[in-house]
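These are the residues of each chain, in order.
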Amino acid sequence: MGHQAAQKQKFSVAFKQYFLRLGQDLKQNPRKYLIRYSIFLGLFAGFLLLDQITKITIFKWNSSHTDGLYVSDHSSAVSWGIIGFRSVGHYGVTLFPQKNNAIVINTVQALSIVLCLVFLTAPLFCKKKTIFVFLAMVMAGAAGNMIDRFAFNGMVKDILYVPFLEKWRGRDAGTFNLADLFIVVGGFGSVLYYGINSILTYNNERKKHAQLQNSETKLSDKIYQHNNNTDVKTNQPIDKKDDSLLDKENNTTSDATVDNSETSN
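Computed from a predicted structure; not experimentally measured.

Cut-offs applied
Residues numbered from 1 in each chain as written. Predicted model: local features only at pLDDT ≥ 70, side-chain atom pairs only at ≥ 80, totals over all residues. Heavy atoms only, no water. Helix = DSSP H or I, 4+ residues; strand = E, 2+ residues; numbered from the N terminus. Buried < 20%, exposed > 50% of the residue type's maximum accessible area, 1.4 Å probe, protein only. Contact = heavy atoms within 4.5 Å. Areas by Shrake-Rupley, 256 points an atom, 1.4 Å probe, with all protein chains shown as cover. Salt bridge = Lys/Arg side-chain N within 4 Å of Asp/Glu carboxyl O. Phe/Tyr/Trp six-rings, centres within 6.5 Å; stacked < 30°, edge-to-face > 60°. Core = buried A, V, L, I, M, F, W, Y, C linked by side-chain atoms within 4.5 Å. UniProt positions renumbered as here; feature names shortened; annotations may be inferred. Patch = residues over 30% accessible without salt bridge, like charges linked within 9 Å, V, L, I, M, F, W, Y side chains within 5 Å. Axes fitted to C-alpha atoms, helices over the stretch in contact; angles between N-to-C directions. Nonpolar A, V, L, I, M, F, W, Y, C, P; charged D, E, K, R; others polar. Expected span 1.5 Å × (residues − 1). Polar contact = N/O pair within 3.5 Å; in protein donor to acceptor, adjacent residues only side chain to side chain.

**Things to note about the overall build of the chain**
Then comes step 1: In terms of regular secondary structure, the chain is built from nine helices and three strands.
Then comes step 2: Starting at the N terminus, the α and β elements of the chain follow one another as α-α-α-β-β-α-α-α-β-α-α-α.
Then comes step 3: Residues classed as buried in the chain amount to 28% of the 265 residues present.
Then comes step 4: Considering only intrachain contacts with a sequence separation of at least 6, the fraction spanning at least 24 residues in the chain is 65%.
Then comes step 5: Taken as a whole, the chain presents about 18500 Å² of accessible surface, with 62% of it coming from carbon and sulfur.

What follows is the structure, encoded as structure tokens:
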């Protein structure tokens, strides 16, 4: 229990320090965060606009204006082989089996709002601009479908399908929209980005650690060689080197003595 309490306290202190540093950085570098938000919100607006424009231009209502035309008229579908277009009103989400259920729709709406609010803080914590693209896609997808649910009593406009996949499977493979595509691609891209980034960071840390250990080993070897009076360059004991120098000096001295004696004679 004591260890867990210490860990919680340590985490709490680190959490507070992080946000204190963030607050100081916001005051000192407001322009940096303004640029980040401009990029992020620009991407978000672009993806959201693309989703809404495609829904407005492609989706066709049925005669009672309560659902998509494809529900009552299958001939209204247009197939281009790889991609096709058909208008289907979708209540709820694919993950939940219940359709046209007020509890499910309200729950999904609440989650969408929370998700958008959380993602609005992304520029505060994300330094790399690459991740902005993926996070903006997810946020735009959630917001795009959320707008539909508010505007059409819980219904989302679905306009796209994959004809060749339905031919291959022999059954309906579902209808979706760009917002759904943004959520899937953005979510997968975010996970992939952070996964690759974590692996690269881990490998870099290992390389730095290995280089540090190698440097420490070399330094230890030099200290060891120095303490044992070994010349690293010649790999000869310094004592022998000193003896040879002494011999040379003695020979020089003796030669000088002989010369002096000869001169005096």
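**Let's talk about the pattern of salt bridges**
Then comes step 1: Evaluated as defined, the whole model comprises five salt bridges.
Then comes step 2: Among the salt bridges present, the one from D51 reaches K55, with a minimum N-O distance of 3.1 Å. Taken together, the positions of D51 and K55, both in helix α2 (residues 30-58) and four residues apart, correspond to about one turn of that helix.
Then comes step 3: Given a relative accessible area of 0%, D51 falls into the buried group.
Then comes step 4: One salt bridge in this structure joins E166 and R86, with 2.6 Å as the shortest N-O distance. In this pair, E166 sits in helix α7 (residues 163-169) while R86 sits in strand β2 (residues 84-91), placing the two residues 80 residues apart along the sequence. When sorted by exposure, E166 lands in the same class as R86, which is buried.
Then comes step 5: Each member of the salt-bridge network shares a partner with another, and the members are D51, K55 and D148.

**Observations concerning the packing of aromatic side chains**
Then comes step 1: Enumeration over the complete set of coordinates arrives at six aromatic pairs.
Then comes step 2: Each ring, one from F47 and one from F182, has its centre 5.1 Å from the other, and the planes form 55 degrees; the classification is tilted. Taken together, the residues span a long stretch of sequence, with F47 in helix α2 and F182 in helix α8 (residues 178-227) at a distance of 135 residues.
Then comes step 3: Overall, F47 belongs to the buried group, its relative accessible area being 16%.

**Structural notes on the nonpolar core**
Then comes step 1: In terms of nonpolar packing, the biggest core is built from 29 residues, with F40, F44 and L135 touching the most fellow members.
Then comes step 2: Listed by contribution, the elements that provide at least two residues to this core are α2, β2, α4 (102-119), α6 (130-151), β3 (155-161) and α8.
Then comes step 3: Among the elements that line this core, the one with the most residues is α6, at eleven residues.

**Focus: the UniProt feature "transmembrane region" (unreviewed entry) in the chain**
Then comes step 1: Under the UniProt annotation, "transmembrane region" (unreviewed entry) lies at residues 37-58, 103-125, 131-152 and 173-196.
Then comes step 2: Within residues 103-125, the helical portion is 91% and the strand portion 0%, while the C-alpha atoms at the span's ends are 33 Å from each other.
Then comes step 3: End C-alpha to end C-alpha, residues 131-152 measures 32 Å, and it is 95% helix and 0% strand.

**Things to note about a nonpolar patch on the surface**
Then comes step 1: Where nonpolar side chains cluster on the molecular surface, the patch consists of F11, F15, Y18, F19 and F125 and spans about 520 Å² of accessible area.
Then comes step 2: Here the nonpolar patch takes four residues from helix α1 (residues 2-28), the largest share from any one element.
Then comes step 3: With respect to the helices and strands, F19 occurs in helix α1.

**Thoughts on the packing of α2 against α8**
Then comes step 1: Put simply, α2 and α8 touch, their axes get as near as 9 Å, and they point 145 degrees apart. Contacts between α2 and α8 involve F47, L50, D51, T54 and K55 from the former and L178, A179 and F182 from the latter.
Then comes step 2: Split by residue class, the contact of α2 with α8 holds five nonpolar, one polar and two charged.

**Describing α2**
Then comes step 1: Its 29 residues place the ends of α2 42 Å apart at the C-alpha level, agreeing with the 42 Å of an ideal helix rising 1.5 Å per residue.
Then comes step 2: Those residues of α2 that sit buried are Y33, R36, F40, F44, F47, L48, D51, Q52, T54 and K55.

**Examining the side chain of N62**
Then comes step 1: Relative to the helices and strands, N62 is located in the loop between α2 and α3 (69-72).
Then comes step 2: Judged by relative accessible area, which is 15%, N62 ranks as buried.
Then comes step 3: Within the structure, the side chain of N62 is placed 2.8 Å from the backbone nitrogen of H65, a separation counted as a polar contact.
Then comes step 4: Discounting residues that sit within four places of it in the chain, N62 has contacts with D67, G68, L69 and S72.

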